[in-house]
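So you can see what is in the structure, the chains are spelled out below.
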Amino acid sequence: MRDDRDRQSGSVRPGSLADAEAIATLAAEALPGAWSQASFRAHLERSSSRLWCAHRGPEMVGFLLAESAAAQLEIHALAVVPEARRGGWGTQLVRAALRFAWDADLDRVHLEVRADNEAAQELYHDHGFVVAGVRPRYYRDGNDALLLTLDLADPRPSGLRPTIASKKASAKEWLS
Ligand SMILES: CC(C)(COP(=O)(O)OP(=O)(O)OC[C@H]1O[C@@H](n2cnc3c(N)ncnc32)[C@H](O)[C@@H]1OP(=O)(O)O)[C@@H](O)C(=O)NCCC(=O)NCCS
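Residues numbered from 1 in each chain as written. Predicted model: local features only at pLDDT ≥ 70, side-chain atom pairs only at ≥ 80, totals over all residues.

1. What to know about the overall build of the chain
The number of helices and strands found in the chain is 7 helices and 7 strands. Mapped in sequence order, the helices and strands of the chain form the string α-β-α-α-β-β-β-α-β-α-β-β-α-α. A separation threshold of at least 6 residues defines the contact pool for the chain, and within that pool the share at least 24 residues apart is 59%. (Helix = DSSP H or I, 4+ residues; strand = E, 2+ residues; numbered from the N terminus. Contact = placed C-beta atoms within 7 Å.)

Following this line, the structure appears as C-alpha cells:
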C-alpha cells in the first residue's frame, strides 16, 4: 500500500535558494513560528545546505531542509502542507535525504523533533531512526525535544539495510 502510494505521488527534487520564498510560505502554515524567509535564505546560501522539494504539478506541497557537515546530515526542517499529508510526501522527502546521505558516504543522519510530534516520530522510526537523547523543555512552550539519529556507519552496507528492513520491509526497495 505504502509503496503503491509512493510511486503515484508526483516528484521530489533538489531545491535551491530560489525556493526560499515558497518554502517560507509553506513553513508559515506547517511549522508556525519556527522559520522566517530570512532564516531559510541564510541556510540556503551555505554550500553545506541541502534542500529537497515535493511538487504536485505546479504546486509545492512539501520540503526537507538539511545540512551536511563532518560526515553527518542534520535535518533542520521537514513539512508537508496539511491537505497533502498522509499521501507519502513526507516519506519521499526523507528517502531523498537518506539516499543523499548514503551516496555521500555519510556516517549519520540526525534531527530534533518535538516530543509531542507523533506523526514525525512515526515517519522517522519507520526509517530506522532511534531516540539518542532528550533536551528537556527545549521549546518555548516547555515541550521536550527528542534527538533522533540514524547510524549509517560500519559495517556497510549491512549497517543501514537491516535497520530499515526490520522497521519496514518495503523500505528495502528504495535502497536497492
Ligand atoms: C510529519 C509530516 C512531514 C509527515 O508528512 P506526510 O506527507 O503526512 O507523511 P507520509 O504520508 O509519508 O506518512 C509516513 C508515515 O508517517 C506516519 N504519520 C504521518 N502522519 C501521521 C499522523 N498524523 N499520525 C501518526 N502517524 C503519522 C505514519 O507512520 C505514516 O505512514 P502510514 O501512512 O503508512 O501510516 C507532516 O505531518 C507535517 O508536515 N507535519 C507538520 C510539520 C512537522 O511536524 N514537521 C516535522 C518536524 S521534525
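2. Observations regarding the environment of arginine 137
Relative to the elements of secondary structure, arginine 137 occurs in the loop between strand E6 (130-135) and strand E7 (145-151). Residue arginine 137 is classed as exposed on the basis of its C-beta count, with 10 C-beta atoms lying within 10 Å. It is 9.8 Å that separates the C-alpha atoms of arginine 137 and alanine 115, two residues lying 22 residues apart in sequence. If we ignore the near neighbours within four places in the chain, the residues touching arginine 137 are Gly142 and Asp144. (Buried ≥ 20, exposed ≤ 12 C-beta atoms within 10 Å, placed from the backbone.)

3. With respect to the sheet that holds strand E5 (residues 108-114)
Read across the open sheet, the 7 strands follow the order E1-E2-E3-E4-E5-E7-E6; overall the sheet is mixed. The sheet terminates laterally at strand E1 (11-14) and E6, the two strands that pair on one side only. Sheet twist, expressed as the average angle between the axes of neighbouring strands with direction ignored, equals 25°. Bridging between strand E4 (residues 72-80) and E5 involves 4 bridges; their strand directions are parallel. (Pairing = 2+ DSSP bridges. Axes fitted to C-alpha atoms, helices over the stretch in contact; angles between N-to-C directions.)

4. Observations regarding unusual backbone geometry
We note that alanine 70 has phi near 50°; this positive angle belongs to a residue other than glycine. Mapping alanine 70 onto the fold places it in the loop between strand E3 (59-69) and E4. A positive phi is found at arginine 137, a non-glycine position, where the angle reads about 50°.

5. Observations regarding the site of the ligand
Looking at the ligand, there are 22 residues lining it, with Arg85, Gly90, Thr91, Ala119 and Leu123 nearest. At the level of elements, E4, helix H4 (89-103), E5 and helix H5 (118-126) are the ones that each hand at least two residues to the shell around the ligand. The leading source of residues in the shell around the ligand is H5, at 6 residues. By residue class, the composition of the shell around the ligand is 11 nonpolar, 5 polar and 6 charged. (Near = placed C-beta within 6 Å. Nonpolar A, V, L, I, M, F, W, Y, C, P; charged D, E, K, R; others polar.)

6. Topic: the nonpolar core
Core analysis: the biggest nonpolar cluster contains 38 residues, and Trp52, Phe63, Leu64, Ile75, Leu93, Ala97 and Val109 have the highest contact counts within it. Within the residue set of this core, elements represented by two or more residues are helix H2 (20-30), strand E2 (49-56), E3, E4, H4, E5 and E7. Counting residues per element, this core draws most heavily on H4, which supplies 7 residues. (Core = buried A, V, L, I, M, F, W, Y, C linked by C-beta atoms within 7 Å.)

7. Re H4
Given 3.6 residues to a turn, an α-helix orients residues that are three or four positions apart in the same direction. For H4, spanning 15 residues, the distance from its first C-alpha to its last is 21 Å, which sits close to the expected 21 Å at 1.5 Å a residue. In terms of burial, H4 is largely enclosed, as 11 of its 15 residues are buried. Among all positions in H4, only Trp89, Gly90, Thr91, Gln92, Leu93, Val94, Arg95, Ala96, Ala97, Leu98 and Ala101 are buried. Trailing H4 by a residue or two, aspartate 105 shows a phi angle of about 65°, which is positive. (Expected span 1.5 Å × (residues − 1).)

8. Quick word on the environment of leucine 73
Turning to its location among the elements, leucine 73 is positioned in strand E4. With 27 residues separating them in the primary sequence, leucine 73 and phenylalanine 100 have C-alpha atoms 9.1 Å apart. Residues contacting leucine 73, with those up to four places away along its chain left out, are Ala66, Ser68, Ala97, Ala101, Leu106 and Val109.

9. Focus on the packing of H2 against helix H3 (residues 37-44)
Direction vectors running N to C along H2 and H3 enclose 135°, while the axes themselves pass 9 Å from each other. In terms of axis orientation, H2 runs oblique to H3. Relative to H3, the crossing made by H2 is right-handed. Two secondary-structure elements touch here, H2 through Ala20, Glu21, Ile23 and Ala24 and H3 through Gln37, Phe40, Arg41 and Leu44. (Parallel < 35°, antiparallel > 145°, perpendicular 65-115°, else oblique. Left-handed = near helix turned anticlockwise from the far one by under 90°.)

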